[in-house]
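Residues per chain are reported as follows:
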Amino acid sequence: MWKLITNEFEQIWQFPHCIGALDGKHIVIKKPPKSGTSFYNYKQTFSVVLMAIVDARYKFISIDIGSMGRFTDSNIFSSGVLAKKLNKQTLRLPLPAALIDYDQILPYAFVADEAFPLSENIMRSYPNRSVTNNFQNKVFNYRLSRARQTVECPFGILASRFRVFRRPFETKIESVDNVVKTSCVLHNYLRKETIILNNMQGNSSENEMPENQLLPLTNNNTRSGSDAFCVRQKFTDYFNTAGSVPWVEDVLRSSNFSVQNSINFVTPGEIKTIIKRLPNKKSPGHDNITNFMYKKLPNKAITFMTSLFNSLLRLGHFPENWKKAIIILIKKPGKDKTDPDSYRPISLLTSLSKIFEKVILSRLQNYLNCTNTIPKFQFGFKAHHSTTQ
């Protein structure tokens, strides 16, 4: 079985010795009775965790469902069946072997994201600081990301096909486990005749993830052993020498491949949520369109706005007209009206620009959190970090 999976990953995704893509999601549930904070996760919701291994054709090889959402993701993985079998070497993986035109011995490994620890049998991408000025590491990250998308897409397909994933489960935990297992089996059955297109830039609505459901795992900061770093370096050398693919270098060096390619695109549901939270009594900008008017927009207008925002994100552009503001001066009580310092200026931007700013802000925050750019000891102006003692 492992050799068949490996051959498909090499043929379709150009990643040899890959035995599957590994990832996990928090499945949001209604708080079970008398459970306290057992299922309370980092997103401040209640959940159980689905850990899955997927093959090159988006089909589930193995799933593990039922871990409580309160556990850290490193603990969930380390206490799971897969990690235990990896440590005991009972998965019956193929023995390490040399690749074509490459004399180094490489083990067979799963591809995963930052939620999992780097090991000899689990490959994850280089951190951002190791990629900025290192083209070889960037090539490795690109090749790994192409292979790893095989596990991201099934979660989106699962949620698209089975609407039960679109809202928090309100059944017993045992029933949640059974529903998820059944959905994965049905998903595999329906994938039998599906053709796989190895297009990383696809943005099919079939693969869109529902908001506030099927939440991603948090990053894993576990320190890895030297052998794991050595294996990743060998894969990096192979992808840049004997295993190089000509078009990958063209993609990475082209001006079209930038930060914009890795930004999650906007969905109509996200825009609706932002508009819903806008205060009704705020004054409009120079276009005189109030927040209340935006809340009355039909679905067709929301769809058009989604398309507009996605185009702006793709181009990395913020319209100049959206930066214009009406300045209103409010006199401070008891101050001299002839003194300019006696006035407090208030700028009124358009509601459309505010909505787009919130879209950008959520993506900036996600990027900064994923790359650990903001120091952990910074508490000011940081969500869920109080500055009080």
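An account of the accompanying structure is given in this report. (Residues numbered from 1 in each chain as written. Predicted model: local features only at pLDDT ≥ 70, side-chain atom pairs only at ≥ 80, totals over all residues. Heavy atoms only, no water.)

Our next topic: a nonpolar patch on the surface. A cluster of nonpolar side chains, namely I326, I328, I330 and I346, defines an oily patch on the protein surface of about 280 Å² accessible area. For the nonpolar patch, the leading source of residues is strand β9 (residues 326-331), giving three residues. One can find I328 in strand β9. Classification of I328 by relative accessible area gives partly exposed; the value is 38%. (Patch = residues over 30% accessible without salt bridge, like charges linked within 9 Å, V, L, I, M, F, W, Y side chains within 5 Å. Areas by Shrake-Rupley, 256 points an atom, 1.4 Å probe, with all protein chains shown as cover. Salt bridge = Lys/Arg side-chain N within 4 Å of Asp/Glu carboxyl O. Helix = DSSP H or I, 4+ residues; strand = E, 2+ residues; numbered from the N terminus. Buried < 20%, exposed > 50% of the residue type's maximum accessible area, 1.4 Å probe, protein only.)

This next bit is on the packing of helix α1 (residues 2-13) against helix α4 (residues 135-161). The interhelical angle for the contact between α1 and α4, taken along N-to-C directions, is 115°, at an axis separation of 10 Å. Handedness of the crossing formed by α1 with α4: right-handed. On α4, the residues that touch F9, I12 and W13 of α1 are R146, A147, Q149 and T150. The class makeup of the residues in the contact of α1 with α4 is four nonpolar, two polar and one charged. (Axes fitted to C-alpha atoms, helices over the stretch in contact; angles between N-to-C directions. Left-handed = near helix turned anticlockwise from the far one by under 90°. Contact = heavy atoms within 4.5 Å. Nonpolar A, V, L, I, M, F, W, Y, C, P; charged D, E, K, R; others polar.)

Counting residues in each nonpolar core, the largest one holds 72 residues, and the members touching the most others are L22 and F110. Broken down by element, this core gets its largest block of residues, eleven residues, from α4. Leaving out residues up to four positions away in the same chain, L22 has contacts with A52, I53, F77, L82, F110, V111, A112, D113, F116, I122 and V151. One finds I275, M305, F309 and F318 within the second-largest nonpolar core, a separate group that totals 17 residues. (Core = buried A, V, L, I, M, F, W, Y, C linked by side-chain atoms within 4.5 Å.)

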